[in-house]
Amino acid sequence: MIIGERVRLRAVEREDLPRFVAWLNDPEVRRNLLLYQPLSLAQEEEWFKGILERDIDEQPLVIEIKNSKTWLPVGDIGLFDLNLHDRSAEVGILVGEKKFWGKGYGTEAMHLMLKHGFEDLNLNRIYLRVYETNPRGIRSYEKAGFVLEGRMRQARFQEGKYIDMLLMSVLRAEWNEKKKGKGEKWV
Ligand SMILES: CC(C)(COP(=O)(O)OP(=O)(O)OC[C@H]1O[C@@H](n2cnc3c(N)ncnc32)[C@H](O)[C@@H]1OP(=O)(O)O)[C@@H](O)C(=O)NCCC(=O)NCCS
């Protein structure tokens, strides 16, 4: 378990799969992801089998938020394509419960994942891809410390037109610099 102030990250359990399917089938959520087709529980179960085969560092984690006295699952986050030579990895995130968008949970979950990546896994660069049509995501990643490093032009065909995919990253040195400025408040 990776524990923050309002958010914690825990391993995925089989019981999570129906809620994952519900999130991934919501068009408003899915339009920001690589997925573009409806997904069944059976397909998600195959995905789950696959993640159990992955290296432990590449297994996604459930994002839970503190909700009065209990923890509520609202999304998932994970590192993948870890490159141990270059010490880099890509990160993906999803807050599937829409009523919790825009409340800072995604940024806090990303912060916890960056901390884990830099301070437990000894990574040097963590990057992500985000569509130009996802201003909430872009803003959240900027708040977590990501900087824009490139634009893949017309990399995605969506809703009848081509859109750009942005590449953003955080380097270990930038993380350390940000941490210095935060002092005691750093989770
Ligand atoms: C992207 C996502 C992870 C962000 O998590 P979140 O908890 O909603 O984000 P946060 O509340 O931490 O931050 C969102 C920021 O974007 C801002 N924002 C929201 N809508 C915006 C818009 N239309 N234009 C500009 N900024 C916007 C919010 O005001 C907030 O910034 P602020 O704190 O400076 O006010 C989450 O919304 C999500 O999973 N969405 C659906 C799937 C998705 O997009 N996954 C990521 C694919 S790359």
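Scroll up a little and you will see the structure.
Residues numbered from 1 in each chain as written. Predicted model: local features only at pLDDT ≥ 70, side-chain atom pairs only at ≥ 80, totals over all residues. Heavy atoms only, no water.

**Student:** Which residues make up the pairing of strand E3 (residues 61-67), and what are the values?
**Tutor:** Summarising burial for E3: five of the seven residues are buried, a large majority. Pairing between strand E2 (residues 7-11) and E3: five bridges, direction antiparallel. Each residue of the ladder has a partner; that of Arg10, found in E3, is Val62. Of the strand pairs in this sheet, E3 and strand E4 (residues 70-83) are connected by seven bridges, and their pairing is antiparallel. When the sheet's bridge partners are listed, Ile65 is paired in E4 with Leu72. (Buried < 20%, exposed > 50% of the residue type's maximum accessible area, 1.4 Å probe, protein only. Helix = DSSP H or I, 4+ residues; strand = E, 2+ residues; numbered from the N terminus. Pairing = 2+ DSSP bridges.)

**Student:** Describe the site of the ligand, with residues and values.
**Tutor:** The environment of the ligand is formed by 23 residues, the closest being Val95, Gly104, Gly106, Thr107 and Lys143. Between Gly104 and the ligand, the recorded distance is 2.7 Å, taken from a backbone N or O atom to an oxygen atom. Residue Gly106 places a main-chain N or O atom 2.7 Å away from an oxygen atom belonging to the ligand. Elements represented by at least two residues in the shell around the ligand include exactly strand E5 (88-95), helix H4 (105-120), strand E6 (125-131) and helix H5 (135-144). (Near = heavy atom within 4 Å. Polar contact = N/O pair within 3.5 Å; in protein donor to acceptor, adjacent residues only side chain to side chain.)

**Student:** Give me the lowdown on the packing of aromatic side chains, citing residues and values where you can.
**Tutor:** Both the distance between ring centres and the angle between the ring planes are used here to describe each pair of aromatic rings. Per the counting criterion, the structure on display carries six aromatic pairs. Ring centres 5.5 Å apart and planes at 25° place the aromatic pair Phe20 and Trp23 in the stacked group. Of this pair, Phe20 and Trp23 are both found in helix H1 (residues 17-24), three residues apart, which corresponds to roughly one turn of the helix. When sorted by exposure, Phe20 lands in the same class as Trp23, which is buried. Judged by centre distance (5.6 Å) and plane angle (40°), the ring pair of Phe118 and Trp175 falls under tilted. Here the residue Phe118 occupies a position in helix H4, and Trp175 occupies one in helix H6 (residues 172-182), the gap between them amounting to 57 residues. For Trp175, a relative accessible area of 1% translates into the label buried. Three or more aromatic residues joined by ring pairs form one cluster here, namely Phe20, Trp23 and Trp47. (Phe/Tyr/Trp six-rings, centres within 6.5 Å; stacked < 30°, edge-to-face > 60°.)

**Student:** Give a detailed account of helix H3 (residues 41-53), specifying residues and quantitative values.
**Tutor:** Here H3 is 13 residues long and its end C-alpha atoms lie 19 Å apart, about the 18 Å a rise of 1.5 Å per residue gives. Buried residues of H3: Glu44, Phe48 and Ile51, and no others. Each buried residue of H3 sits inside an arc of 65° when the element is viewed along its axis, so together they form one side. (Expected span 1.5 Å × (residues − 1). Arc of directions from axis to C-beta.)

**Student:** Tell me what's going on with the packing of H1 against H3, and back it up with residues and numbers.
**Tutor:** Between H1 and H3, the shortest axis-to-axis distance is 9 Å and the interhelical angle comes to 115°. Helix-helix and strand crossings are classified by hand; for H1 and H3 the assignment is right-handed. For the pair formed by H1 and H3, the contact residues are Leu17, Pro18, Phe20, Val21 and Leu24 on the first element and Leu41, Glu44, Glu45, Trp47 and Phe48 on the second. The class makeup of the residues in the contact of H1 with H3 is eight nonpolar, no polar and two charged. (Axes fitted to C-alpha atoms, helices over the stretch in contact; angles between N-to-C directions. Left-handed = near helix turned anticlockwise from the far one by under 90°. Contact = heavy atoms within 4.5 Å. Nonpolar A, V, L, I, M, F, W, Y, C, P; charged D, E, K, R; others polar.)

**Student:** Mind laying out the pattern of salt bridges, listing which residues take part and the relevant values?
**Tutor:** Counted according to the given criterion, the structure contains 17 salt bridges. Residues Glu28 and Lys98 are paired through a salt bridge, measuring 2.8 Å at the closest nitrogen-oxygen approach. In this pair, Glu28 is assigned in helix H2 (residues 27-30) and Lys98 in the loop between E5 and H4, connecting sequence segments 70 residues apart. Given a relative accessible area of 45%, Glu28 falls into the partly exposed group. Since its relative accessible area comes to 31%, Lys98 is described here as partly exposed. (Salt bridge = Lys/Arg side-chain N within 4 Å of Asp/Glu carboxyl O.)

Structural measurements only, silent on function.
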